[in-house]
Structures are given as structure tokens and as C-alpha cells.
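Summary of the model geometry
Below are the chains, spelled out letter by letter.
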Amino acid sequence: MTDFGVSPKKQEKLDKKFEKYRVRKSDIEEKFIRSSGKGGQNVNKVSTTVYLKHCPTGIEVKCRRERTQGLNRFFARRLLAEKIEERVLGRVSEKQQKIEKIRRQKRKRSKRAKGKMLEEKRNVSCKKGMRGKIIY
């Protein structure tokens with residue numbers, strides 16, 4: 001078990017996921033790349049970006065989420081495990097489902113749906129207008 005700088009519980013969970021999908025450490029090709037962006041001298045001098053490739057499936061993952069190489073190694077492995085899980089189970093990930101849901105919510109309404117909605121608003125407005133005081 002490699003130390004990535006995260007809690008043993010998280011490492012254990014990741015190891016179990018790898019075991020579940022029969023991912024061996026020898027199947028993973030790991031490279032370290034010099035990052036760019038925020039982080040100052042640390043990022044400019046140290047290769048903190050982690051690149052992983054799972055040879056049997058050809059899945060590639062790159063991670064530069066944190067400033068430390070150890071944490072990026074952990075997050076890259078977790079991302080790789082999620083992608084392998086998606087491929088094995090053949091289903092859309094929760095993350096992808098959330099993205100699709102937001103896309104549907106932002107989508108423009110059809111003319112028919114918009115007309116129905118506006119008609120309903122007019123009816124409600126009319127009802128409320130009739131609630132006014134009765135003058136004798």
C-alpha cells in the first residue's frame with residue numbers, strides 16, 4: 001500500500017475498488033509532468049501533475065488538482081477507478097448524470113410549453129385580480 005498523504009480509510013477504499021475491478025498496479029503506467037498555473041515556485045520546479053494510463057483498457061487520466069504530487073497521485077487513481085467502473089458497468093456516471101440534468105434544466109422551452117405556462121400565469125393573475133375589495 002502506497003502512502004499518498006490521505007487517510008488510511010480512503011486508501012483502503014481505493015484499493016478495494018481496484019481489487020473489485022481487477023486492476024493491478026503493474027497494469028498502470030505512471031508519469032509525472034511539470035504543472036502550470038497557480039502554485040508559484042513549487043509548481044514551476046516540481047513535477048506535480050500525474051498522468052496514468054491503464055494499459056489493458058487504454059484509459060488515460062491526468063490530474064493536477066493539488067499542489068502536492070502525492071495527493072495528485074491519489075486523485076488520479078481514484079479518477080481512473082471511476083472511469084474503469086463506468087466502462088465495466090456500461091452505465092453513465094453520477095457526475096455525467098448531474099451534468100445532463102443541469103443541461104436539461106437550462107434548455108430553452110418549446111413554444112407550446114412556453115404558451116401553456118404563460119396561459120396559466122394569466123389565469124392565476126386574473127383570479128388574483130378578482131380578489132380585490134368589493135365597492136358598493
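Residues numbered from 1 in each chain as written. Predicted model: local features only at pLDDT ≥ 70, side-chain atom pairs only at ≥ 80, totals over all residues. Heavy atoms only, no water.

By the naming in an unreviewed UniProt entry, the chain goes by Peptide chain release factor 1 and is assigned to Endomicrobium trichonymphae. Per UniProt, the chain carries the Sequence similarities (unreviewed entry) text "Belongs to the prokaryotic/mitochondrial release factor family." (UniProt positions renumbered as here; feature names shortened; annotations may be inferred.)

Here strand 3 (residues 59-63) shows a buried face lined by Ile-59, Val-61 and Cys-63 and an unburied face lined by Glu-60 and Lys-62. Inspection of the sheet shows strand 2 (residues 49-54) paired to strand 3 by five bridges, in the antiparallel sense. Of the residues in strand 3, the one forming a bridge with Lys-53 is Glu-60. Hairpin connection between strand 2 and strand 3: a loop of four residues separates the two successive antiparallel strands, and Gly-58 in this loop has a positive phi of roughly 80°. (Buried < 20%, exposed > 50% of the residue type's maximum accessible area, 1.4 Å probe, protein only. Helix = DSSP H or I, 4+ residues; strand = E, 2+ residues; numbered from the N terminus. Pairing = 2+ DSSP bridges.)

As a further point, take the sheet that holds strand 2. Consider a sheet: its strands pair through backbone hydrogen bonds, and that pairing is either parallel or antiparallel. Pairing in this open sheet of three strands is antiparallel, and the strands run 1-2-3 from one edge to the other. In the strand order of this sheet, the two ends are held by strand 1 (28-33) and strand 3, each with one partner. Here the strands of the sheet are splayed against their neighbours by 15° on average, with no regard to which way each runs. Bridge count for strand 1 against strand 2 is six bridges, and the pairing is antiparallel. Bridged to Phe-32 within strand 2 is Val-50. Taken strand by strand, helix 3 (residues 69-89) contacts strand 1, strand 2 and strand 3, and its axis lies near 150° from that of strand 3. (Axes fitted to C-alpha atoms, helices over the stretch in contact; angles between N-to-C directions. Contact = heavy atoms within 4.5 Å.)

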